[in-house]
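Now for the letters of each chain:
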Amino acid sequence: MGKKKKKKSHLVSNIVLTVSLAVFVVAAFQLFRIGKGYQDGRKDYKELQEEATKKKKDKKDGEEKFLVDFEKLAKKNPDVIGWIRFDPEPSVINYPIVQGRDNQEYLHKTFSKNENGLGAIFLNVDNSSDFNDKHSIIYGHRMKDGSMFRHLQDYEKKEFWKKNPHFYIYTPNGRVITYRIYSAGEVLDMSEAYETDFADGKVYQEFIDKTKKDSLYETGVKVRTADKVVTLSTCTKSSDNHRFVVHGVKEAEEIIEE
């Protein structure tokens, strides 16, 4: 009787050990796959930055200009419609912008069209690709490794905004557009922050007022109904229904020639 109990106990222990080992192997594989995905995605975008961007001193004023080779980018992906960059911080946000056939296409596909959880930075499908709409929306993932739009949430702190109040969008026709951030905060994914169609100036003003109200702090930046706004949107750790948004108003535009 005792031997049977020992055999049964030994059998149960072996089963538990086998199951535990299988769970460990699967978990380890998943962690490896996630880590490799991050590594491959970062490598992909680093190569793009090295191949398609450079800094060059302007002959007129001697200032260092950031230049993007859109011809080279278009050969890799004709969906490219711009480049977004923060300077000085968060400098990690330095990526090409694409526009897909819908807002799902680039959720899990990099600029080079490789299947990857990093996805790409992409413009809302309903927006004009020249950034001349009243309100344009740009989406990007909040990646745990700090890439893509993860560091938008640095704007939770007003002190960070004070030191880094601008972001820049470069377009294929040589324009560089400067946006001044006037609002940053958390909203629901169905919020008015995602409205892009405005019947008149009054409705647009209501949108502007709501984005200011949703901000975590007062910036004092004035936004008029004649202005153009770009919203940068990413996920949050709060829930699947929440987003962190940074709203910028167009402050200046210039043409950069190589």
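The following paragraphs examine the structure supplied in this document. (Residues numbered from 1 in each chain as written. Predicted model: local features only at pLDDT ≥ 70, side-chain atom pairs only at ≥ 80, totals over all residues. Heavy atoms only, no water.)

What about the pattern of salt bridges?
Counted by the stated rule, this structure contains 12 salt bridges. The closest approach of N and O atoms between Lys76 and Glu51, which form a salt bridge, is 3.6 Å. With Lys76 in helix 2 (residues 70-76) and Glu51 in helix 1 (residues 2-52), this pair connects stretches of sequence that are 25 residues apart. Here Glu51 falls in the partly exposed class, since its relative accessible area comes to 37%. Lys250 serves as the salt-bridge partner of Glu253, at 2.6 Å between the closest nitrogen and oxygen. A relative accessible area of 38% places Glu253 in the partly exposed class. For Lys250, a relative accessible area of 24% translates into the label partly exposed. One connected set of salt bridges, linked through shared partners, spans Arg101, Glu105 and Lys109. (Salt bridge = Lys/Arg side-chain N within 4 Å of Asp/Glu carboxyl O. Helix = DSSP H or I, 4+ residues; strand = E, 2+ residues; numbered from the N terminus. Buried < 20%, exposed > 50% of the residue type's maximum accessible area, 1.4 Å probe, protein only.)

Description of helix 4 (residues 201-213)
Between its first and last C-alpha atoms helix 4 spans 18 Å; for 13 residues at 1.5 Å apiece the expected length is 18 Å, and the two agree. Of the positions making up helix 4, those classed as buried are Tyr204, Phe207, Ile208 and Thr211. The buried residues of helix 4 occupy an angular sector of 95° when projected down its axis, which confines them to one face. Projecting away from the buried face of helix 4 at angles above 90 degrees are the exposed residues Lys202 and Lys213. The inward-facing, buried residues of helix 4 contact strand 6 (135-139), strand 8 (175-188), strand 9 (229-235) and strand 10 (242-255). (Expected span 1.5 Å × (residues − 1). Arc of directions from axis to C-beta. Contact = heavy atoms within 4.5 Å.)

Side note on the nonpolar core
Counting 63 residues, the largest nonpolar core has Ile84, Phe131, Ile138, Tyr155 and Leu232 as its most contacted members. Beyond its immediate chain neighbours, meaning those up to four positions away, Leu232 contacts Ile84, Phe86, Ile138, Phe149, Leu152, Phe167, Phe244, Val245 and Val246. (Core = buried A, V, L, I, M, F, W, Y, C linked by side-chain atoms within 4.5 Å.)

Structural notes on the packing of aromatic side chains
Counting across every chain of the model gives 12 aromatic pairs. A ring pair is formed by Phe86 and Tyr155, whose centres lie 6.0 Å apart and whose planes are at 45°; its orientation type is tilted. Remark: Tyr155 occurs in the loop between strand 6 and helix 3 (158-163) and Phe86 occurs in the loop between strand 3 (80-85) and strand 4 (94-98); sequence separation between them is 69 residues. Across this residue pair, the class does not change: Phe86 and Tyr155 are buried. Connected via pairs of aromatic rings, a cluster forms that spans Phe86, Tyr155, Phe160, Phe167 and Tyr179. If you follow Arg85 out to its NZ or CZ, it ends over the ring of Phe66, 4.2 Å from the centre. Geometry around Tyr106 places Lys109 over its ring, the cationic atom sitting 5.2 Å from the centre. (Phe/Tyr/Trp six-rings, centres within 6.5 Å; stacked < 30°, edge-to-face > 60°. Lys NZ or Arg CZ within 6 Å of the ring centre and 35° of its normal.)

A closer look at the side chain of Thr211
Summarising the element assignment, Thr211 is placed in helix 4. Leaving out residues up to four positions away in the same chain, Thr211 has contacts with Tyr182, Ser183 and His247.

Points about the sheet that holds strand 3
Pairing within the closed barrel is mixed, and its 8 strands lie in the order 3-4-5-6-9-10-8-7. Recorded for the sheet is a direction-independent mean angle of 30° between the axes of neighbouring strands. Of the pairings in the sheet, the one linking strand 9 to strand 10 comprises 7 bridges and is antiparallel in character. Of the residues in strand 10, the one forming a bridge with Leu232 is Val246. With respect to the sheet, helix 4 is in contact with strand 6, strand 8, strand 9 and strand 10, its orientation differing from that of strand 8 by roughly 65°. (Pairing = 2+ DSSP bridges. Axes fitted to C-alpha atoms, helices over the stretch in contact; angles between N-to-C directions.)

Structural notes on the side chain of Thr234
In this fold, Thr234 is placed in strand 9. You can call Thr234 buried: its relative accessible area is 2%. In this structure the side chain of Thr234 is engaged in a polar contact, spanning 2.8 Å, whose partner is the backbone oxygen of Gly140. In terms of polar contacts, Thr234 uses its side chain to reach the backbone amide nitrogen of Arg142, at 3.1 Å. Among residues more than four places away in sequence, those in contact with Thr234 are Gly140, His141, Arg142, Phe149, Leu152, Arg243 and Phe244. (Polar contact = N/O pair within 3.5 Å; in protein donor to acceptor, adjacent residues only side chain to side chain.)

Purely geometric stuff here, so don't read any function into it on its own.
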